[in-house]
Amino acid sequence: MLASVALVVLIGGAFAVLLVALDSMRDSGALARHSRVELSAADRLEKRVVDLETGQRGFVITHEPRFLAPWRAARSALPVAGRRLLTLAGDRGHQSQAARIVRAVGSYMRNYSLPLVAAARRGDPDVASVGATLRGKRLVDELRARFNGYVATQRDLMTARQADADAEAHRATVAASVGLVGSIVLIVLFASYLARAILVPIRRAAGMARQIAGGELNVRMPESGLGEVGMLEGAFNKMAASLDESQAELRRQAAQQAALRRVATLVARDVPPDELLESVAREVAVVLEADTTGLLRYEPDGDLSLLAAWTRLDVGLPFPDRLTPPPGSLNERILATGRPASSEFDENDESEAAALYRRYGLRSTLGVPIFVGGRLWGLMVAAWAGERLDPEVVEWRLSEFTELVATAIANAESRAELAASRARVVAASDQTRRRIERNLHDGTQQRLISVGLQLRAAEALASPDQRKLRAQLSDAAQGLTGAVAELQEISRGIHPAILSRGGLREALKALARRSSVPVELHAAVDGELPEPVEVASYYLVSEALTNAAKHARASVLQVDAETDDGVVRLSVTDNGVGGADPEAGSGLVGLRDRVEALGGDLRISSAPGHGTAVRATIPIEPGGPR
Amino acid sequence: MIAGGTLTRVAVADDDVLLREGIASLLERSGFEVVGQAGDGSELLELVRSRAPELVIVDIRMPPNHETEGLDAARVIRAEMPDTGIVVLSAHVEVDQAMELLAGGERTGYLLKNRVTDVSEFLESLERIVEGGSVVDPGLVLELVTARRRDDPLAELTPREREVLALMAEGRSNAGIARRLWVAPGTIEKHVHSILAKLALPETDDDHRRVLAVIAFLEAR
């Protein structure tokens, strides 16, 4: 800025000097032209005087009037030429000299020339005398001397003026040269200054822009430039920092999205809630850069129980398995507002919660409520030992996870409810079947047998003569025996009474014995199993054996049953034709419900030519491993 | 039924009064002395302890739980009065229950309840028990014998031998089998010898032991 002002002043000064010099040169030129005009005016006047003198002399000598023509012309032109000279000299210092010349010429005209011509006309002989001629010559010489003096003065003046003009021109040349050289020097200086103050920083900024474009967002430039360049550097750094921050934010977002996707995948895969919650605790801790996280559930008594947690602290978790929320904890505020809450614990915080967190070196915490089906189900808590992100950002991010958790829990709860309801349906149906079986065996069958006994008694009472009656009674009793056998068959299908006493092993043996296709049974079932598990296992094997006998065209069936690690594993395989449609009309569909109601699963494979395999796993305890 | 000049003293236990009365009247009619009736296991035990019947006919399922109260009572009677014959009536066939009962010793019978209407067979069974034999319900034996096995050892047997095997399993003596099949006892002895050899079962004169061995073999094959 300063430099450019200096440059303008310098160049302006040089040009001012140049202008002044040029102006005075123009003045000198004008004066010189004027002097030349003045000289020519004096010259013309002198020429008129010469014309007068020549004309009058010729006339005096010859008396020829034709000589008087130039005399007359000169005489009439004289006043004009005199006035012109006076006018031209009027504004100059030598006016008096010019006036004297004009007066002398006038006097020469009046006192000499006019009388001489008049005398010559009269024929006066004196006019041609030597005296008169000499006087005329002397007068003309005087006039000429005056003219010469005037011209000499004029010439001196012109010379002086020319010298002045030359000096001015020289001065102008010098001033222009100085201005030019100064300008060049200044321009060079200014250019180098510009290069240093603007070009270099701009080039640096361009390089940095290239680096930024290449992804190096951590580059910064020194903000040492002056004025706009400094502002530019500052703006550039600010832009880079903001880009850097945006990219970091993007990375965080991407990490969060990836974490959410992983959790959502787990939700979709219906992994057990424990596994899901552990994963959420870990993912949240990583995404939020938290030092510890916990997922807690409200118990009916208002306590919180810890379902999953993650920590990077060496000292372990600040959460016990079950806790009564201490006064001052987030829980109070979350309960009161149903909204996320956060706390910072400083040294002066005397609350129990603060003391607990401080023991683990944690400085701040934030909790988000988890609502399942509109009911406050629990909380997700994160805590930091160091700097924490903006609470609003954390809340927002955390709530995305808690929504997934809520969905998963709602799913798990509905699934559990569904399973429980299925189990109840199955149990109710089992009880009904059992009651019917009991009624058939202990009621209907007993009744039939009693009637049979009465018939036998009647038969015994009939006299030996009444053969026909006896035979009829006997037939009736036989018929009843057949009915009872059928009833036993039916009731066995309704409920396997054998299970109540012999357990699954004996029941499977009975199934194997009754199968029309040889069965190789391997039953390693230890201990007593819950009745629903036994009943389901029995029906599964029974149905699979019946299907195999009907459709498989197998020569042998293999039944394996074993208890292993809290589950019963069952498999019924055959060496038959395979190709069975597991879902089409087979009683196995109902069995799937039964097995799944117990939290188990059923798989049927039946590739054509490879036999059929029915495999089931049923947890021994409800909610046990699958 | 008259044994040694006195009527065989019988106790009947069933929670179904009608059936119980029916059986009792059948027995009375057929020459047994019914010393008492019981509606559940503890009543039966009281009765057996006070009246010491020679034979007890007991329903397997009785109050209070309708599970295996009859079998439990039989076990107690077997322990307290080993000479008492016990016939357990079941509403359906359960091999392990029969095995358990037979394992308790001789003079035992396991019969399906509806056998009582086949009066002569039933009485004959009771007679065999009183005489010291064991009885296994033909229906149960049939189930065991007809069960299909791969590499079945019974495939070695002739049809006649199978018939004989089944009757052995029912607890019949050689003489009983011979009567049943209308053949000479000697022929049956030969069949029995052949069967035991083919199945690698030990020879025994004790009918009860033979029943146990055959049933165990059939069940385990």
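Residues numbered from 1 in each chain as written. Chains lettered and ligands numbered in written order. Predicted model: local features only at pLDDT ≥ 70, side-chain atom pairs only at ≥ 80, totals over all residues. Heavy atoms only, no water.

A. Structural detail: the overall build of chain B. Check the secondary structure of chain B and you find 10 helices and seven strands. Burial status across chain B gives 57% buried among its 221 residues. Of the contacts formed within chain B by residues at least 6 apart in sequence, a portion of 64% connects residues at least 24 apart. (Helix = DSSP H or I, 4+ residues; strand = E, 2+ residues; numbered from the N terminus. Buried < 20%, exposed > 50% of the residue type's maximum accessible area, 1.4 Å probe, protein only. Contact = heavy atoms within 4.5 Å.)

B. Representation of the nonpolar core. Residues and elements named next belong to chain B. Ranked by size, the top nonpolar core spans 52 residues in total, and within it Leu44, Val88, Leu165, Met168 and Leu218 carry the most contacts. Ranked by the residues each element gives to this core, the list is headed by helix H7 (residues 159–169), at six residues. Those residues in contact with Val88 that sit more than four places away from it in its chain are Val58, Ile60, Leu71, Ala74, Leu101, Gly109, Tyr110 and Leu111. (Core = buried A, V, L, I, M, F, W, Y, C linked by side-chain atoms within 4.5 Å.)

C. Layout of the interface of chain B and chain A. Listed by partner, the interface residues are 39 residues for chain B and 38 residues for chain A. Of all residues in chain B, Arg61(B), Thr117(B) and Arg150(B) give up the largest surface area on contact with chain A, accounting jointly for 19% of the area buried on that side. Here chain B is connected to chain A by nine salt bridges. Taking the shortest distance from any N to any O, the salt bridge between Glu219(B) and Arg513(A) comes out at 3.8 Å. The interface formed by chain B and chain A includes 16 residue pairs in polar contact (both at pLDDT 80 or more). Of all the secondary-structure elements, those providing two or more residues to the side of chain B that touches chain A are helix H1 (17–29), helix H3 (69–80), helix H4 (95–103) and helix H6 (138–146) of chain B. Per-element accounting of the side of chain B that touches chain A gives the leading share, six residues, to H1(B). (Buried area = accessible area lost by both parts, 1.4 Å probe. Salt bridge = Lys/Arg side-chain N within 4 Å of Asp/Glu carboxyl O. Polar contact = N/O pair within 3.5 Å; in protein donor to acceptor, adjacent residues only side chain to side chain.)

D. Representation of unusual backbone geometry in the model. Pro63(B) connects to Pro64(B) through a cis peptide bond whose omega is 10°. Within the secondary structure layout, Pro64(B) lies in the loop between strand S4 (55–59) and H3. In this model, Glu289(A) sits at a positive phi of 55°, which is unusual for a non-glycine residue. Within the secondary structure, Glu289(A) is located in the loop between helix H6 (273–287) and strand S1 (292–298). Backbone geometry at Asp565(A) places phi at a positive 55°, although glycine is not the residue there.

E. Structural detail: the sheet that holds strand S9 (residues 567–574) of chain A. All names here are of chain A. Ordered in space as S7-S8-S9-S11-S10, the five strands form an open sheet in which the pairing is mixed. In this open sheet, the two edge strands, each paired with only one partner strand, are strand S7 (519–524) and strand S10 (601–605). Averaged over all neighbouring strand pairs, the angle between strand axes comes to 5°, with direction disregarded. Note: S10 against strand S11 (residues 613–619), five bridges, orientation antiparallel. Within S11, the position partnered with Ile604 by the bridge is Val614. (Pairing = 2+ DSSP bridges. Axes fitted to C-alpha atoms, helices over the stretch in contact; angles between N-to-C directions.)

F. Expanded view of the packing of aromatic side chains. All names here are of chain A. According to the stated counting rule, one finds three aromatic pairs over all chains in the structure shown. Both rings, one in Phe190 and one in Tyr193, keep their centres 6.3 Å apart while their planes meet at 25°; by these two values the pair is stacked. Here Phe190 pairs with Tyr193, and both are found in helix H4 (residues 130–213), just three residues apart, close to one helical turn. (Phe/Tyr/Trp six-rings, centres within 6.5 Å; stacked < 30°, edge-to-face > 60°.)

G. Region of the structure containing a nonpolar patch on the surface. Residues and elements named next belong to chain A. On the surface, Leu194, Ile198, Ile202 and Leu232 cluster together into a nonpolar patch covering about 280 Å² of accessible area. Ranked by residues supplied to the nonpolar patch, first place goes to H4 with three residues. Within the fold, Leu194 resides in helix H4. The class for Leu194 is partly exposed, based on a relative accessible area of 31%. (Patch = residues over 30% accessible without salt bridge, like charges linked within 9 Å, V, L, I, M, F, W, Y side chains within 5 Å. Areas by Shrake-Rupley, 256 points an atom, 1.4 Å probe, with all protein chains shown as cover.)

H. Focus on the pattern of salt bridges. Residue and element names in this part refer to chain A. Across all of its chains, the model carries 50 salt bridges over all chains by this definition. Arg312 is the partner of Asp291 in a salt bridge, and the nearest nitrogen-oxygen pair spans 3.7 Å. Residue Asp291 is found in the loop between H6 and S1, and its partner Arg312 is found in the loop between strand S2 (304–311) and strand S3 (322–323); the two are separated by 21 residues along the sequence. Relative accessible area serves as the criterion here: at 43%, Arg312 is assigned to the partly exposed category. One salt bridge in this structure joins Glu459 and Arg456, with 2.9 Å as the shortest N-O distance. Of this pair, Glu459 and Arg456 both sit in helix H9 (residues 391–461), three residues apart, which is roughly one turn of the helix.

I. Representation of the pairing of strand S5 (residues 364–372) of chain A in the model. Residues and elements named next belong to chain A. With eight of its nine residues buried, S5 lies for the most part within the structure. Note that strand S4 (residues 341–344) and S5 share four bridges and pair antiparallel. Directly across from Ser343, in S5, lies its bridge partner Thr365. In this sheet, strand S6 (residues 375–384) lies alongside S5 in antiparallel orientation, the contact comprising nine bridges. Paired with Leu366 across the two strands is Ala382, which belongs to S6. Taken together, S5 and the strand that follows it, S6, pair antiparallel across an intervening segment of two residues, in which Gly373 is found at a positive phi of about 60°.

J. Expanded view of the pairing of strand S6 (residues 108–112) of chain B. Residues and elements named next belong to chain B. Summarising burial for S6: five of the five residues are buried, a large majority. Burial along S6 is two-sided: Thr108, Tyr110 and Leu112 and Gly109 and Leu111, pointing in opposite directions, are all buried. Bridge analysis of strand S5 (residues 85–90) against S6 gives five bridges, and the strand direction is parallel. Note that in S6 the partner of Ser90 across the bridge is Leu112. Where S6 meets strand S7 (residues 135–136), two bridges bridge the pair, whose relative direction is parallel. Its bridge partner lying in S7, Tyr110 is registered against Val136.

K. Layout of helix H3 (residues 95–122) of chain A. Residues and elements named next belong to chain A. With 28 residues, H3 ought to run about 40 Å at 1.5 Å a step, and its terminal C-alpha atoms sit 39 Å apart, in line with that. Along H3, the helix axis deviates most sharply at Met109, where the bend reaches about 35°. A positive phi of about 85° marks Gly123, the residue just after H3. (Expected span 1.5 Å × (residues − 1). Bend = angle between axes of the 7 residues up to and from the residue.)

L. Representation of the sheet that holds S5(A) within the structure. Residue and element names in this part refer to chain A. Spatially, the six strands line up as an open sheet ordered S3-S2-S1-S6-S5-S4, and their pairing is antiparallel. Each edge of the open sheet is held by one strand with a lone partner, namely S3 and S4. Against the sheet, H9 engages S1, S4, S5 and S6, with an angle of about 35° to S5.

M. Looking closely at the confidence of the model for chain A. For chain A, mean pLDDT is 84; residues scoring 70 or higher make up 97% of the total. Here helix H8 (residues 352–359) of chain A stands out as the least confident element of chain A, with mean pLDDT 78; S9(A) is the most confident, with 94. (pLDDT = per-residue confidence, 0-100.)

N. Just the confidence of the model for chain B, in detail. Put simply, chain B has an average pLDDT of 90, and 98% of its residues get 70 or more. Here the predicted complex carries an ipTM of 0.88, next to a pTM of 0.60.

O. A look at the environment of Gly316(A). Tracing the chain through its elements places Gly316(A) in the loop between S2 and S3. Taking the C-alpha atoms as reference points, Gly316(A) and Thr292(A), 24 residues apart in sequence, are found 9.1 Å from one another.

P. Spotlight on the environment of His208(B). All names here are of chain B. Turning to its location among the elements, His208 is positioned in helix H10 (residues 207–220). Residue classification places His208 among the buried positions, given a relative accessible area of 8%. Separated by 105 residues in the primary sequence, His208 and Ala103 place their C-alpha atoms 9.5 Å from one another. In this structure, His208 is in contact with Leu102, Gly105, Glu106, Thr108 and Ser134, ignoring residues within four places of it in sequence. Polar side-chain contacts of His208 include one of 2.4 Å to the side chain of Ser134.

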